[in-house]
Each structure stands twice: as C-alpha cells, then as structure tokens.
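What follows is the residue order along each chain.
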Amino acid sequence: MSIDLILSEIVSKDDIILSQDQAQEKFGGGTEGFKRDISAAVIINNLNTIPQILKKANELSKSKDEFVLYPVSSGKNWGYGSALPALDIKPAVILDLSNLNKVTYFDAKTGIITVQPGVTQAALREYLDGKGAKNFMVPVTGAGPMCSIIGNALERGYGITPYTDHFAAVNSLKAYLPDGQLYQSALCELDQSGSDIIDKSFKWGLGPYLDGIFTQSGFGIVTELTFTLKEKPEGFDSFYLRFKQDSDFEQAVDLVSDILKMHEGIVGSINLMDRRRVISMMADNPNGPGSHKVMSQEQVEQLSKEHDVPAWTIAGSIYGTKRVVAAARNDIKKRLRGLKCQTIFSSGLLIWIGRRAVNLAPDSLLSRERRMIQTLDMGIDIMKGIPNEVALPLCYWRTAKSKDVENYNPARDKCGLFWYAPLLPMDKIKMRSFVEMVRKICTSHNIEPMITLTNFSHHCSDSTIPVLFDLSNPQALKDAENCVDELVSQGRKLGFVPYRMSINQQQKLLDKQSVFWGLVGNIKQTMDPNGVVSLGRYGA
Ligand SMILES: Cc1cc2nc3c(=O)[nH]c(=O)nc-3n(C[C@H](O)[C@H](O)[C@H](O)COP(=O)(O)OP(=O)(O)OC[C@H]3O[C@@H](n4cnc5c(N)ncnc54)[C@H](O)[C@@H]3O)c2cc1C
C-alpha cells in the first residue's frame, strides 16, 4: 500500500494528505539544490492526528511500509535545507504544521504568549495589533513575515530586536514524543491549580532542563511554544556608523564591543557589514541575474560611489526610556570622538531632511535617495519588531525574481543560497583573519564575498555569509557547495565554528563516534528507538 493510502486511514477528515508527487512538488525544492525523495505529506489541521500518525509510524517501523515523519512549521529554512528531510534513507513524510496557527495564550501585561507552529511573524504582528498590543515587538528575522516563530526558535535562530536569541526568550514548550506521549515540563506536571501559568513564566522548570533538547534536534514534534515578547520601550533610536577605509575594520570592531559592553540590555545586537553586502541592499547585481562571477574592484568602487556606500557600516539600535536613550546616544557620541567615521542617528536632522526631500520630490526624481530611505525605514521597522521583506532581495543577487508575484520566496523562485554561519570571538585580530579567509575562499569559487557580523554580545559574534548562486547552473551549484565546505573546514582550523548547519553539512560533519554526538545518538535511541521522527536531523 502507498504511504498516502496508509495515512488516509488514520488522519481526521480535517487533515489533508498529499501524494508523493504533490508532496515532492510542494516541499521538494529549496535554495540549496539538495535532492531528497518525499513519499507523502500531511497538512495537519487537527492536533489529535499527530499521536495517531506517530503510533502508526512505530507500528510499521520494521515493515516494508515503514516511514519517518519530518515536521515543519512554515518550512522556510532557506539556506539550511528549506523544508527537506534531513536524510534520504527511509520513506519520508512531511508533517506540515503551518495550519496550526493559533495564539493560544497572551497576557498583555507581561508579554507572555503561547503560539502554535503555524504562527508566522506577520500573523503574530497582526494578532498583537488586533489586540491593541502594538507596544510589543515580534521577534523578527531577515527571513521575513511568512516565516514561523516556532521553526526559527527550534533552529535557535537570531534576530535584531532586543531579545536577539530567540530560544533564550522561550519559557516553555509542549511536544509529542516519538512514542505519541505529550511532553510538558515538570512544573506543569506538579501544578495542581488547573493552569500552567507558572510553567509559561519560568524557563528552567524543575530537574534536568529538557525543553532545550527539542531544539536543533529530532526528538519530538513541538505543538506549542511560550515565550516572552519584548515591549517596545518609550524611547528608540538607531545608529549608522560609516567607516571609509577597509583598514578601519579593527576600529569598528573595538567600537562595537565597547558599545555592547557599556550598554548591555539597552543596545540590541549590532550589525557590522562590509561594502559588498551593503551594495547588495542598494543596487542590482551589475553582472545581471544568472551571472557566475564576482564584482570587479572597479564595479564595487563605481557602485559605492553611486550609492554612497562606505567600506564598513555599523547598524544598531537603542531601546529604553527617552532619557535612557538620550544618555546612551550621548555616550556613543563620546566614544566616537577622534574616530574617522560618519555618524547618523535615525532621530537626527540628516535623516529627517532626507525623508522630507524624498517625500516632496516628484516620483521621477531622487530615485536612488528614495531607495536608500525606503531601505533604511524598513531596517528601522525590523529593529522595532515589525516584520518585512527588506532582507529577502539579497537571495536574488544571481537569480531573477518571478515577475507575476509581489512577495519574495527564494525557494519558489529557485534562488541558490547556502548560509555559512560561524561564531567568532569578538577579537579584532581573529575577526580580520576571518574577513580575509571569507574574501579569499569565496572569490576563488566565484561567490560574492558578502560579510555580515551580527554582534550579540561584547565577546561573541555570529557571522552570516550568504553563499549566493544561480541554482539553474550546475557548475555554480558545485562551486557554491565547494565554497561552503572550504569555508567550514578552513574556519574550523581558525576557531570559527558554525552555530547552525545545513542538513547536508550535519551528515558530513557531525561525528557519531564522538562523545557528544554519541550521547545524542543514545538519547535518540531511548526516545525514538524506531527512528520515526526527524531521523538524521542534527545527529539524531
Ligand atoms: C534572506 C534571509 C534572511 C534570513 N535571516 C535570518 C535571520 O535573521 N535569523 C535567522 O535565524 N534565520 C534567518 N534566515 C534563515 C531561515 O530562513 C529562518 O531561520 C526561518 O525562520 C526558518 O524557517 P521556518 O521558520 O519556516 O522554520 P521551519 O522550516 O518550519 O523549521 C526549521 C526546522 O525546525 C524543525 N521544526 C520546525 N517546526 C518543528 C516542530 N513544530 N516540531 C519539531 N521540529 C520542528 C524542522 O526540522 C525544520 O526543518 C534567513 C533566510 C533568508 C533567506
């Protein structure tokens, strides 16, 4: 019997089953060019179906009809594997949870909120606005409005609002274990009040901390997540510090580290971006979509001149009461004394004049300035927890966007993208060697070296290097794969270790014989002896 037929006997009438072809069509693409066979998919509308399917998967696990479930929330893990199964060794069924999209709890006083897997950034914004709770920030990411809150937190993703580390803001979760039992924390189990408010309010529970094992793993199917929303403070400002020379990098790193140290909790994470990365936000690829070569130095200089892009740009934000923001702004200005960098605050006169000029000019004029102001304003919205698509055009650097649709979807549009996302110590010498490594390796594989350093503490930074390529060009795909492999292997030698990996890198790099991954294997064996959930995801 085909898997979709088996599934049709156990799901409820509300759930939707996709055949092999339909499932392959809906989930089989991605930005990475990875190939996986998908046998079927179930779009879950009824939560109670999940334990039924798990039961069936266990029952059939040693038979010819065996299958493995791969849950996704919105399935847009672009650059890391999109919605594809981690492994290709057993028939895979995608469990699409995107229709489970309710906010099941919200306390407008504390900002504590419980969401189901299908709640996206946009849906959460809409929910909060509808509840008159505009004062709370959505934990946005660059992946845009249509991406889920749960999938991102389970990948331990990062954003740029003050609660930068999205899993850090999570207080509790509930999940179906592979045997079909519902997991909840020990606090929840002990609480006899009929409510789980205490569990929702306290991250560490009681006894061994187990909620975390559901992140970057394949130990269960998470059905709800409770986290604290950050309230938008009364005061806000964003700052842009522009360094002209590439050799100013070291000064910029010291500056970022000092600002983060001085203003922990007031300044959100700070991005430090190189010229090529900022050009990609301001201009189209001068070599056109489908190209497989990096910009020449002349092209970079020309575009920098046209769009006024410096060698290094720092972008950060200050949150607090108006007086705190003003004090932090003054401290930052003081710290900038003697440095050769242009300083722009979004609250300042320069931006005000720019906005005004653009608003007053006819549409046909100031198009470059209009794009700059629009990009800036969308970036500011992101910092305020209002999701938008400002970061998504990046994926189209070497791929044309579908003309007949407005929104961006890099997987649908067959954009080629891998992320190289290593952690770096906040040390200017190490960071310079990282920059040089990325430039050398990317260029040698015809990949544009675009550098972003997301500095989330004064001692650690997470870099995200987009490896962008034309997915329709087999040579470009090969080069991109080799590029990521070399970045990872060279980086490890220098102490730059990824915080997150694509599904293929997980298979290549995680050594099942090591003590750590051996333990992960043992936990998996105990929790999921038949291997029915997310087999192969992060060593599981
Ligand atoms: C231009 C661009 C910018 C980006 N910017 C960022 C950024 O700023 N920060 C960032 O973190 N990422 C970023 N990303 C990467 C990625 O697209 C996002 O992290 C995205 O949120 C992940 O996709 P998703 O939310 O659809 O998660 P999903 O694809 O639904 O989930 C990811 C994985 O988690 C597991 N999973 C999901 N839901 C469940 C569940 N309910 N139970 C058990 N397991 C589950 C599955 O294994 C799944 O494959 C960016 C991508 C692009 C293209």
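Not measured: the values here are computed from a predicted model.

Calculation notes
- Residues numbered from 1 in each chain as written.
- Predicted model: local features only at pLDDT ≥ 70, side-chain atom pairs only at ≥ 80, totals over all residues.
- Helix = DSSP H or I, 4+ residues; strand = E, 2+ residues; numbered from the N terminus.
- Rg over C-alpha atoms; globule rule 2.2 N^0.38 Å.
- Buried ≥ 20, exposed ≤ 12 C-beta atoms within 10 Å, placed from the backbone.
- Contact = placed C-beta atoms within 7 Å.
- Pairing = 2+ DSSP bridges.
- Axes fitted to C-alpha atoms, helices over the stretch in contact; angles between N-to-C directions.
- Parallel < 35°, antiparallel > 145°, perpendicular 65-115°, else oblique.
- Left-handed = near helix turned anticlockwise from the far one by under 90°.
- Nonpolar A, V, L, I, M, F, W, Y, C, P; charged D, E, K, R; others polar.
- Domains from an automatic or database assignment.
- Near = placed C-beta within 6 Å.

**Notes on the overall build of the chain**
Next, step 1: The secondary structure content of the chain amounts to 17 helices and 20 strands.
Next, step 2: A globule of 540 residues ought to have a C-alpha radius of gyration of about 24 Å, and the chain, at 24 Å, matches this closely.
Next, step 3: Dimensions along the principal axes, computed over C-alpha positions, put the chain at roughly 70 × 55 × 50 Å.
Next, step 4: Per-residue burial for the chain yields a buried fraction of 48% across its 540 residues.
Next, step 5: Long-range contacts, defined here as pairs at least 24 residues apart, represent 72% of the contacts in the chain between residues at least 6 apart.

**Some remarks on the sheet that holds strand E5 (residues 103-107)**
Next, step 1: Read across the open sheet, the five strands follow the order E5-E6-E10-E8-E9; overall the sheet is antiparallel. Edge strands, defined here as strands with exactly one partner in the open sheet, are E5 and strand E9 (182-183).
Next, step 2: Pairing of E5 with strand E6 (residues 112-115) involves four bridges; the strand directions are antiparallel. Opposite Asp107, over in E6, you have Ile112 as the bridge partner.

**Describing the packing of helix H8 (residues 249-262) against helix H11 (residues 322-336)**
Next, step 1: Relative orientation of the contacting elements H8 and H11 amounts to 150°, with a least axis distance of 11 Å. Considering the angle they form, H8 stands roughly antiparallel to H11. The chirality of how H8 crosses H11 is right-handed. In this structure, H8 uses Leu255, Asp258, Ile259 and Met262 to contact H11, whose residues at the interface are Asp331, Ile332 and Arg335.
Next, step 2: Among the residues making up the contact of H8 with H11, the classes are represented as four nonpolar, no polar and three charged.

**Quick word on the domain arrangement of the chain**
Next, step 1: As far as domains go, the chain holds domain 1 (3-99), domain 2 (103-231), domain 3 (235-345 + 391-498) and domain 4 (348-386).
Next, step 2: Between the C-alpha centres of domain 2 and domain 3 the distance comes to 29 Å.
Next, step 3: Each partner contributes residues to the interface: domain 2 has eight residues there, and domain 3 has nine residues.
Next, step 4: In terms of residue class, the side of domain 2 that touches domain 3 is made up of three nonpolar, four polar and one charged.

**Details of the pairing of strand E14 (residues 312-320)**
Next, step 1: With nine of its nine residues buried, E14 lies for the most part within the structure.
Next, step 2: A two-sided burial pattern is seen for E14, the buried positions comprising Trp312, Ile314, Gly316, Ile318 and Gly320 on one face and Thr313, Ala315, Ser317 and Tyr319 on the other.
Next, step 3: In this structure, strand E12 (residues 235-243) lies alongside E14, joined through nine bridges in antiparallel fashion. When the bridges of E14 are listed, Phe236 appears paired with Tyr319.
Next, step 4: Summarising the sheet, strand E13 (residues 270-274) and E14 pair through four bridges and their orientation is antiparallel. When the bridges of E14 are listed, Asp274 appears paired with Trp312.

**Thoughts on the site of the ligand**
Next, step 1: Taken together, 35 residues form the shell around the ligand, and within it Ser74, Thr141, Gly142, Gly151 and Gly157 come nearest.
Next, step 2: Listing elements by their share of the shell around the ligand, those giving two or more residues are strand E3 (68-72), helix H5 (149-154) and strand E10 (221-228).
Next, step 3: Per-element accounting of the shell around the ligand gives the leading share, four residues, to H5.
Next, step 4: Residues belonging to the shell around the ligand are distributed by class as follows: 19 nonpolar, 13 polar and three charged.

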